[in-house]
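# Report on the structure
Spelled out, the chains give:
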Amino acid sequence: MLQEKTTTVDKYQVLSEEIATAVAAQLALKPDSCLGLPTGNSPLGCYHLLARWSQEGKVDWSQARCFALDDYLESDEQISFQHFLQTNLYQFTNLKSENTFNPRQVDNYDHLIEQIGGLDLTLLGIGENGHIAFNEPGTPLDSWTHSIWLTESTRAANQSYFSKATSIPRKAVTMGIRTILASKKLILIVSGQKKREIMERALLGQVCPEIPASYLSLHPHVTVLSDFEL
Ligand code: PGA
């Protein structure tokens, strides 16, 4: 009797490989690329792969410039997005520390990005409330890097990074919508079924400040990658 074979495909792993391959290809094509990088669970698998490939000598970051999309304000240094990127990605690469940037440490982030030549590729996650980076609902299209108050739903979604709810920061600094849309290429990472509804509203509905991710429809080169069937 024929035994039925079942293959389990780890869709998150496949998604992570797709993103990591796109980043590696970008760096191979343009070694001094400027990358916009998010924090969170969505890009984590991609960072782990890039870390491994970098250790194996397959990805060269020696000329790359990396810009964190956002960061908490008034939080412990150990729970910063700079720390997240350092521990999950940067430390495993040959990226020069002077080529890593964070909006919390730079006065005029947009000017710096422009001076360096502009973002070539920016990865983005999406919040369940439709935020991209920390551009919360209501953020206008014409926004550059700015500080914001985090919504309660975003604070709740970030709770796992903190030992107690009262430590979750209320303020953050984020690239604005214009900063993001000025990136030559964008990859929106949508991981988990819980993001499906907001993704559909963002990409199929009207462009509106209530769903900041809807602004992505205005960009000519966005790739949406998810770990579920679109
Ligand atoms: P997540 O966060 O990747 O941890 O789901 C995404 C976001 O809030 O932008």
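The structure contained in this document is the topic of the report that follows. (Residues numbered from 1 in each chain as written. Predicted model: local features only at pLDDT ≥ 70, side-chain atom pairs only at ≥ 80, totals over all residues. Heavy atoms only, no water.)

It is worth spelling out the overall build of the protein chain at this point. In terms of helices and strands, the protein chain carries seven helices and nine strands. For the protein chain, the C-alpha radius of gyration of 18 Å lies close to 17 Å, the compact-globule estimate for 230 residues. Over its C-alpha atoms, taken along the principal directions, the protein chain stretches across nearly 65 × 40 × 40 Å. Taken over 230 residues, the protein chain has a buried fraction of 51%. Considering only intrachain contacts with a sequence separation of at least 6, the fraction spanning at least 24 residues in the protein chain is 80%. Surface summary for the protein chain: the accessible area is close to 11,500 Å², and the carbon and sulfur share equals 51%. (Helix = DSSP H or I, 4+ residues; strand = E, 2+ residues; numbered from the N terminus. Rg over C-alpha atoms; globule rule 2.2 N^0.38 Å. Buried < 20%, exposed > 50% of the residue type's maximum accessible area, 1.4 Å probe, protein only. Contact = heavy atoms within 4.5 Å. Areas by Shrake-Rupley, 256 points an atom, 1.4 Å probe, with all protein chains shown as cover.)

Let us now look at the side chain of Asn99. Considering the arrangement of structural elements, one finds Asn99 in the loop between α3 (81-88) and β4 (100-101). Residue contacts for Asn99: discarding those within four places in its chain leaves Ser62, Ala64, Arg65 and Cys66.

Moving on: the sheet that holds strand β3 (residues 70-73). Pairing in this open sheet of three strands is antiparallel, and the strands run β3-β7-β6 from one edge to the other. Unpaired on one side and paired on the other, β3 and β6 (146-149) mark the two borders of the sheet. In this sheet, adjacent strand axes meet at a mean angle of 30° when their direction is disregarded. Pairing of β3 with strand β7 (residues 171-174), which is carried by four bridges, proceeds in the antiparallel orientation. In the strand pairing of β7, Tyr72 is matched with Ala172. (Pairing = 2+ DSSP bridges. Axes fitted to C-alpha atoms, helices over the stretch in contact; angles between N-to-C directions.)

Between helix α2 (residues 44-55) and α3, the shortest axis-to-axis distance is 9 Å and the interhelical angle comes to 45°. Taken together, the axis directions place α2 and α3 in an arrangement best described as oblique. Side by side, α2 and α3 meet where Leu44, Tyr47, His48 and Ala51 of the first sit next to Phe84, Leu85 and Asn88 of the second. The residue makeup of the contact of α2 with α3, split by class, is five nonpolar, two polar and no charged. (Parallel < 35°, antiparallel > 145°, perpendicular 65-115°, else oblique. Nonpolar A, V, L, I, M, F, W, Y, C, P; charged D, E, K, R; others polar.)

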